[in-house]
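# Descriptive analysis of the structure
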Amino acid sequence: MPQPTAQDLHVNQLLTDLSIGYVNRLYTADQIFPIVRVNKQSDIVPKFDQSHFFRDNAKVRAPGTASEGGGFTVDTTDTYFCNRYSRRYEISDEVRRNADAPWNLDQTAALFVTDKVMMRREVQFATDHFVTGIWSTDKDGTTDFVKWSDYGGSSPDVDIDTYKDDVEALSSVEPNKMVVGKQAHVQLKNHPALIDRIKYTQRAQLTPDLIASLLELDSYLVGRSIYTTTVEGTAEASVTYTRIWGKNGLLIYTPPAPSLLTPAAGYTFVWQVVPNALQYIKRMRDEEKEIDIIESNAYYAQKITAASAGLFLSGAVA
């Protein structure tokens, strides 16, 4: 006797408590340079010329004579300019009226455009500052040191100590922060030279905090994010993805907070159009088109302020 099937008795609908989505879970760029909240879109970054502070020119002063004087110079030619970066998402009235659960269109749109501006900062930092020819010193994993993926021949702890010393010899400050791409981190956290230093004291599991402690750094950051340059509209199966931070590393010195008379590898200047906000959301209405617009915005400039306070490690692993 004919019987109805399960498919006859149920009409597929969207699940209301589950969906599949993809975003980078952690961005790194905003943790590298200290954030400086500024009241103007552009201004001057004053720099005391370094050499005047490192000359040994105090002299013996004879009784009844005047002391010899001297001074220093200040460079006021370096400026920042906070460009505006934006991305919008449009929700038409027809789409809004027809949307079923779980589509929270406004929330999803806000998350989407916020992520776009955050990704822009991430890609921009890696493109502009996580490359050779930018910092005063570059070291290459083929010509200057043995790649850290060569466990038998490399000594990453010695390399990093040496390169921290090189930076201090140029800038008077020793790097307190290291940034590495995920692929370099994988090799470091499994490197016998580092594991050997902790194996008798605790579990031989190297977390980023523990690596920072071993390398005498305040901060050890891992760039994990990915992105695609494949043209929009390409079939998903054909889209390719790239790690933003590659197989490289960067040693820099930055102070805990912006301060006077202190060298810093760089700062991220953020124009405070909205007080205390690194970026902000605008919601607008276009009655003629009958759409709501959800827009993310940020005014910022990621700026190197002391190239001598940084050292770039290219091709740190194979």
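Provided above is the structure to which this section pertains.
The following paragraphs examine the structure supplied in this document.

Right, let's get into the overall build of the chain. Broken down by element type, the chain carries seven helices and 16 strands. Taken against the 2.2 N^0.38 rule, which gives 20 Å for 318 residues, the C-alpha radius of gyration of the chain at 26 Å runs more than 25% over that of a compact globule. Put simply, of all contacts in the chain between residues at least 6 apart along the chain, 77% involve residues at least 24 apart. For the chain, the computed accessible surface area is about 19000 Å², with 51% contributed by carbon and sulfur atoms.

For strand E14 (residues 280–286) and strand E15 (residues 291–304), the ladder comprises seven bridges, and the chain directions are antiparallel. Bridge pairing links Met 284 to Ile 293 in E15. Counting the residues that bridge the hairpin from E14 to E15 gives four residues, and of these Glu 290 lies at a positive phi of roughly 60°.

Note on sheets: strands pair through backbone hydrogen bonds, and any given pair is parallel or antiparallel. Strand order in this open sheet of five strands is E7-E16-E12-E8-E9, and the pairing throughout is mixed. Lying at the two open borders of the sheet, with one neighbouring strand each, are strand E7 (137–140) and strand E9 (219–223). Averaged over all pairs of adjacent strands, the angle between strand axes in this sheet comes to 15°, irrespective of strand direction. Across four bridges, the pairing between E7 and strand E16 (residues 310–314) is parallel. Bridge pairing in E16 links Thr 137 to Leu 311. Docked against the sheet, helix H4 (residues 156–171) engages E7, strand E8 (177–181), strand E12 (249–252) and E16, running at close to 145° with respect to E16.

Take the pattern of salt bridges next. Tallying each qualifying case throughout the model produces 15 salt bridges. The closest approach of N and O atoms between Asp 78 and Lys 303, which form a salt bridge, is 2.9 Å. Here Asp 78 is found in the loop between strand E4 (74–75) and strand E5 (79–81), whereas its partner Lys 303 is found in strand E15, with 225 residues between them in sequence. Owing to a relative accessible area of 16%, Asp 78 belongs among the buried residues under this scheme. When its relative accessible area of 18% is taken as the criterion, Lys 303 is described as buried. Of the charged contacts in the structure, one is a salt bridge between Arg 285 and Asp 292, with a shortest N-O distance of 3.0 Å. Judged by relative accessible area, Asp 292 falls into the buried class, the value being 7%. Where salt bridges share partners, they join Asp 93, Arg 96, Asp 106, Arg 283, Arg 285, Glu 287 and Asp 292 into one cluster.

About the cut-offs
- Residues numbered from 1 in each chain as written.
- Predicted model: local features only at pLDDT ≥ 70, side-chain atom pairs only at ≥ 80, totals over all residues.
- Heavy atoms only, no water.
- Helix = DSSP H or I, 4+ residues; strand = E, 2+ residues; numbered from the N terminus.
- Rg over C-alpha atoms; globule rule 2.2 N^0.38 Å.
- Contact = heavy atoms within 4.5 Å.
- Areas by Shrake-Rupley, 256 points an atom, 1.4 Å probe, with all protein chains shown as cover.
- Pairing = 2+ DSSP bridges.
- Axes fitted to C-alpha atoms, helices over the stretch in contact; angles between N-to-C directions.
- Salt bridge = Lys/Arg side-chain N within 4 Å of Asp/Glu carboxyl O.
- Buried < 20%, exposed > 50% of the residue type's maximum accessible area, 1.4 Å probe, protein only.

Functional significance is not addressed by these values, which are geometric in nature.
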